[in-house]
Amino acid sequence: MAAHELRSQGWFGRTGKDGFIYRAWMKNQGIPDEEFRGKPVIGICNTWSELTPCNGHFRELAEAVKKGIIAAGGFPVEFPVMSLGETLIKPTAMLYRNLASMDVEESIRANPMDGVVLLCGCDKTTPSLVMGACSVNIPTIVVSGGPMLTGRYEGKSIGTSDIWRFNDAVRSGEMSQEQLTVAEACMCRSAGHCAVMGTASTMACMVESLGLTLPTNAAIPAADSRRKVLARYSGERIVQMVKEDLKPSDILTREAFENAIRVNAAIGGSTNFVLHLLAIAGRVGLDLTLEDFHTQSKGIPLLANLQPSGKYFMEDFYYAGGLPVVMKALGTKLHTKIRTANGKTVEENYTAVRSYDDDVIADLDRPFKTETGLAVLFGNLCEHGAVIKPSAASPHLMRHTGRAIVFENIEDYHARVDDPNLPIDETSVMVLKNVGPIGYPGMPEVGNMGIPKKLLEKGVADMVRISDGRMSGTGFGTVVLHVSPEAATGSTFAIIKDGDLIALDVHNRTLNLLVDEKEIEARKSNWKPSHPVATRGYVKLYQEQVQQAHLGADMEFLKGCSGSRVTRDSH
Ligand code: FES
């Protein structure tokens, strides 16, 4: 590509006063003049923050990317964007995913970049960056931060999924508070994101299966020196991608999305995958629907034996060969001729890989479980859909009818769940309302609500739980999520009462409220909203604009791509 065709030359290639201004201030960082004369300018979009501990090593990662960019003849410029740390942000990081995507989009569009490297790690930092970059559509490559090393507590491997077990053990008296404090220091023992197939790892697999990364990106541990090698190679590659003008819109075809859905089924990925992939599809103008998640994952068994659906951790996954082995095992179930970020096809990237542990990654003939990783439900209780992760649910509850115990909001749940007089037993169906995109607002990860203490003490380990919220990718249980339309819209989900019968049938993909249609309509006509409504700021905008879960919970006005052209400047 000739220098005058580079987007960045619209800034740095100018003469006179404008070129002077664009270059002179940059030169205060010690940048020599030749850097501005036709080298591809590569942005490194960094979500480093001490408040996002999963991305705490990203300054070092950025340095590795820079080495690659420089080696390939590019000019690296690192810039910060809003970082979303899953563990600290209140009320929930999901509330800010769309805001962060706007930051990314406008930061890229407004600045002289020819290509961009997205440094993604903790859950929402991946979809927000990819969504933003897709809405600009300049050459883009993703580098994930990598998972933590496996935690060790009392001689056993532990990871984020154990938090739910520890919590139940403390509540039932099996574990002391002191033991819990010790476990706390044992879990996150290295840099990186959650060490199980939670949302962050699911997102890392999603970007690799979409073709937005170099092969092997998904699972290299953050602490492994090969993570920096991958970052360096990604820096080298993005310079070439600029020369080839290989953009997200060239990679993110319908076939790429279908591959991502199939791979997610095979790895038992997080339910959050659905929301984020729908939102990304919306940015590239692709008409992906919830039904696609059913049709595309049909017949794909669970191949990865990873927590929370299985036994092992991301570190084991990497040593067993990582995502490339899953991609190879899926073989012709994937679209193998499509192009990926390194310029090669899926087939070219993954044909030569080998599995090193078939207890961690199975093949199609002997899958770990036959249930697909994700099921989409429909019925009068969720007219636009809901999702459940069968691979993390209890087989005996996959077809279940029970009486509803309704919690009107999260505060109501906390106030009453452990009340000894709560009329609940193991056959009941726990319903949590007003934790959807609008109702909470922001759709928090509270859907796998804890089981009442009195039932835990009886040894009840799982119950059917239904909400319009989300579940942590590290969570498990027979948990129906993302009910759409959510309670805050006055939907059927909003009018469920204690004692109503609810029928779940995962095999037939249905979820129904067994209440007479006339009674449902009568209750709807008397319904009044009870969720908090913001009166100003971003949250007001979010509540007014956010779409329902079955559309990915993006904002209506953010769908699509504005492109990278900026026609006016202020000089
Ligand atoms: Fe950051 Fe789990 S909290 S990835």
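Residues numbered from 1 in each chain as written. Predicted model: local features only at pLDDT ≥ 70, side-chain atom pairs only at ≥ 80, totals over all residues. Heavy atoms only, no water.

A. Spotlight on the side chain of T340. Within the element layout of this structure, T340 appears in the loop between α15 (323-330) and α16 (346-350). A polar contact is formed between the side chain of T340 and the side chain of N349, at a distance of 2.9 Å. Beyond its immediate sequence surroundings of up to four residues, T340 is in contact with G211, L246, I251, T345, V346 and N349. (Helix = DSSP H or I, 4+ residues; strand = E, 2+ residues; numbered from the N terminus. Polar contact = N/O pair within 3.5 Å; in protein donor to acceptor, adjacent residues only side chain to side chain. Contact = heavy atoms within 4.5 Å.)

B. Structural detail: the packing of aromatic side chains. In this structure the tally under the stated criterion is nine aromatic pairs. Ring centres 5.8 Å apart and planes at 75 degrees place the aromatic pair Y153 and F166 in the edge-to-face group. You can see Y153 sitting in strand β5 (residues 151-153) and its partner F166 sitting in helix α6 (residues 162-171), a full 13 residues away along the chain. Overall, Y153 belongs to the buried group, its relative accessible area being 8%. Overall, the relative accessible area of 13% leaves F166 in the buried class. An aromatic cluster is present here, built from F12, F36 and F75 joined pairwise through their rings. (Phe/Tyr/Trp six-rings, centres within 6.5 Å; stacked < 30°, edge-to-face > 60°. Buried < 20%, exposed > 50% of the residue type's maximum accessible area, 1.4 Å probe, protein only.)

C. The arrangement of the nonpolar core in detail. Counting 98 residues, the largest nonpolar core has L277, F293 and F317 as the members making the most contacts within it. Tallying contributions element by element places helix α11 (residues 254-267) first for this core, with eight residues. With residues near it in sequence (within four places) discarded, F293 still touches I261, F273, V274, L277, L278, L288, L374 and V376. Membership of the second largest hydrophobic core comes to 29 residues, among which are I388, V429, L511 and V515. (Core = buried A, V, L, I, M, F, W, Y, C linked by side-chain atoms within 4.5 Å.)

D. Here's a closer look at the pattern of salt bridges. Inspection of every chain in the model, using the stated rule, returns 34 salt bridges. Linking D358 and R366 is a salt bridge whose minimum nitrogen-to-oxygen distance equals 3.9 Å. A relative accessible area of 55% means that R366 is categorised as exposed. Linked by salt bridges that have partners in common, E105, E106, R109, R283 and D554 make up one network. (Salt bridge = Lys/Arg side-chain N within 4 Å of Asp/Glu carboxyl O.)

E. Representation of empty space enclosed by the protein in the model. Scanning the model with the defined rule gives two cavities of 30 Å³ or more in all. Lining the largest cavity are V274, L275, L290, H384, G385, A386, V387, H482, S484, A549 and H550. Of all the secondary-structure elements, those providing two or more residues to the lining of the largest cavity are α12 (272-283), β8 (382-388) and β12 (479-484). Broken down by element, the lining of the largest cavity gets its largest block of residues, four residues, from β8. For the lining of the largest cavity, the per-class residue count stands at six nonpolar, five polar and no charged. Approximately 40 Å³ is the volume attributed to the second largest cavity. Together, M148, L149, G159, T160, M187, C188, C194 and A195 line the second largest cavity. Residue classes in the lining of the second largest cavity are distributed as six nonpolar, two polar and no charged. (1 Å grid on protein atoms, 1.4 Å probe; cavity = no way out; pocket = protein on both sides within 12 Å on 5 of 7 lines; lining within 4 Å. Points joined across faces, edges and corners; volume = space filled by probe spheres on them. Nonpolar A, V, L, I, M, F, W, Y, C, P; charged D, E, K, R; others polar.)

It is worth stressing that arrangement in space is one thing and function is another; only the former is reported here.
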